[in-house]
Amino acid sequence: MIIRKRLAAGVCALLAALTAGLAFPAGAAAGEPTGQDAPKVDLVLDVSGSMRARDIDGQSRMAAAKQAFNEVLDATPEEVELGIRTLGADYPGDDRKTGCKDTAQLYPVGPLDRTEAKTAVATLTPTGWTPIGPALLKAAGDLDGGDGSKRIVLISDGEDTCAPLDPCEVAREIAAKGIGLTIDTLGLVPTAKLSRQLSCIAEATGGTYTSVEHQDELTDRVNQLVDRAADPVVTPVPAEGADRCAGAPALKSGLYTDREEFGQQRFYRVDVRPGQELRASVSVAADRAVNPGYGVLMRAVTSKGREIVRGEAAGNGRTDVISTGLRYPKAESDDEDAPAEAVCLAVSHSFSAASGVKTTPGLPLELTVDVVDAPSQAGDVAAFGLGRGWWLLGVLILTGFLAGLVWGWLSRWRVAVWRTN
């Protein structure tokens with residue numbers, strides 16, 4: 001029994017190693033940074049009455065947020081232009097119409113004066129409603145202009161109280177404008193309903209959602225997001241795909257954006273020379289209400305329509321963005337003057353519009369293309385996908401053979417002992 005367990009453990013370890021060897025190498029980043037303006041961040045803070053609750057490390061949510069903001073302001077990189085917007089900070093009354101307009105710029109987006117910003121934060125007192133949707137619209141206006149990275153960091157402890165202006169729909173509208181703005185959300189001691197709403201807002205723009213229950217978690221996460229805004233930004237290049245391979249636009253390595261209508265297929269052409277590898281990925285975003293159950297398909301085909309390789313992914317309605325990718329290595333040629341092969345990327349999706357939803361323009365599509373030097377023995381990689389895992393496969397076969405011999409000898413020995421006794 002002990003020997004059997006050891007053999008099983010050895011086989012499992014080899015399988016794990018083989019799996020690691022089979023993994024595809026990560027695709028190289030496409031495109032070059034093009035953002036010339038300073039990165040901008042707008043911190044949007046919920047100052048509604050519920051922020052009085054004392055459930056974050058023995059202090060109120062508002063006190064924890066103030067302390068976190070002070071530390072973030074101290075650590076903000078010099079090159080980042082930062083602003084602070086509030087929601088629910090000024091109107092304490094019961095009039096819904098007035099309460100849902102309660103959002104203001106506490107500190108304008110621009111070069112940071114840390115003392116002035118801290119003084120403004122110190123004046124905040126939990127007051128009114130939670131107009132998340134209107135605050136996001138205003139925050140997008142705060143960041144208008146320029147080609148640098150733009151990021152909204154929304155911090156709230158409760159769901160929006162100003163429907164029917166759904167904040168998730170507002171986020172989709174912002175994403176549809178194509179201004180490169182990302183919304184990250186943080187929920188303070190969130191309920192399940194708040195988590196769903198903040199997740200939806202973040203996913204609509206390619207941002208992140210984080211649940212926060214401690215003050216140091218809030219500080220660390222906001223610092224990470226502000227630092228991330230200072231990273232170089234790559235601006236997608238518009239590319240209009242064709243409805244057939246023959247008329248497809250020729251693309252080089254880079255990041256591209258397009259729109260694809262429901263039931264449509266778009267073609268893009270990439271030239272791949274012998275000894276090179278094509279790596280491509282595509283993301284399709286639902287910037288409006290769609291029916292659950294959908295997928296995206298990317299195929300690499302020859303100019304005559306023969307499929308070379310494909311990538312596909314399916315969704316179930318729980319995310320607004322779905323992505324897939326593929327890679328095609330072209331084997332080297334003995335002919336130095338061998339021409340490049342025209343490979344067409346065919347992209348299609350199975351999203352369907354919900355009842356009463358406009359079908360035009362098409363859904364936003366983002367395409368990454370990267371043509372790099374192919375690995376050695378590219379033909380083997382394309383045919384079997386094993387790459388450097390061949391030697392691990394050989395080790396696994398040899399180990400299995402030896403294990404079989406040992407197991408057979410042990411079985412014969414046990415039978416002999418049984419007969420003797």
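As shown above, the structure is provided for reference.
Notes on the structure follow. (Residues numbered from 1 in each chain as written. Predicted model: local features only at pLDDT ≥ 70, side-chain atom pairs only at ≥ 80, totals over all residues. Heavy atoms only, no water.)

Considering all chains together, one arrives at 15 salt bridges under this definition. Asp258 serves as the salt-bridge partner of Arg266, at 3.1 Å between the closest nitrogen and oxygen. We note that Arg266, like Asp258, is buried. Residue Glu277 pairs with Arg279 through a salt bridge whose shortest N-O separation is 2.6 Å. Overall, the relative accessible area of 17% leaves Arg279 in the buried class. A cluster of three or more residues bridged by salt bridges with shared partners is formed by Arg299, Glu307, Arg310 and Glu312. (Salt bridge = Lys/Arg side-chain N within 4 Å of Asp/Glu carboxyl O. Buried < 20%, exposed > 50% of the residue type's maximum accessible area, 1.4 Å probe, protein only.)

Once that is clear, we can look at the pairing of strand E5 (residues 181–188). Within a regular beta strand, the side chains point alternately toward one face of the sheet and then the other, so they alternate between its two faces. With eight of its eight residues buried, E5 lies for the most part within the structure. Burial of the side chains of E5 extends over both faces: Leu181, Ile183, Thr185 and Gly187 are buried on one face and Thr182, Asp184, Leu186 and Leu188 on the other. Sheet topology places strand E4 (residues 150–156) next to E5; seven bridges connect them, and they run parallel. Counted as the bridge partner of Ile152 is Ile183 from E5. (Helix = DSSP H or I, 4+ residues; strand = E, 2+ residues; numbered from the N terminus. Pairing = 2+ DSSP bridges.)

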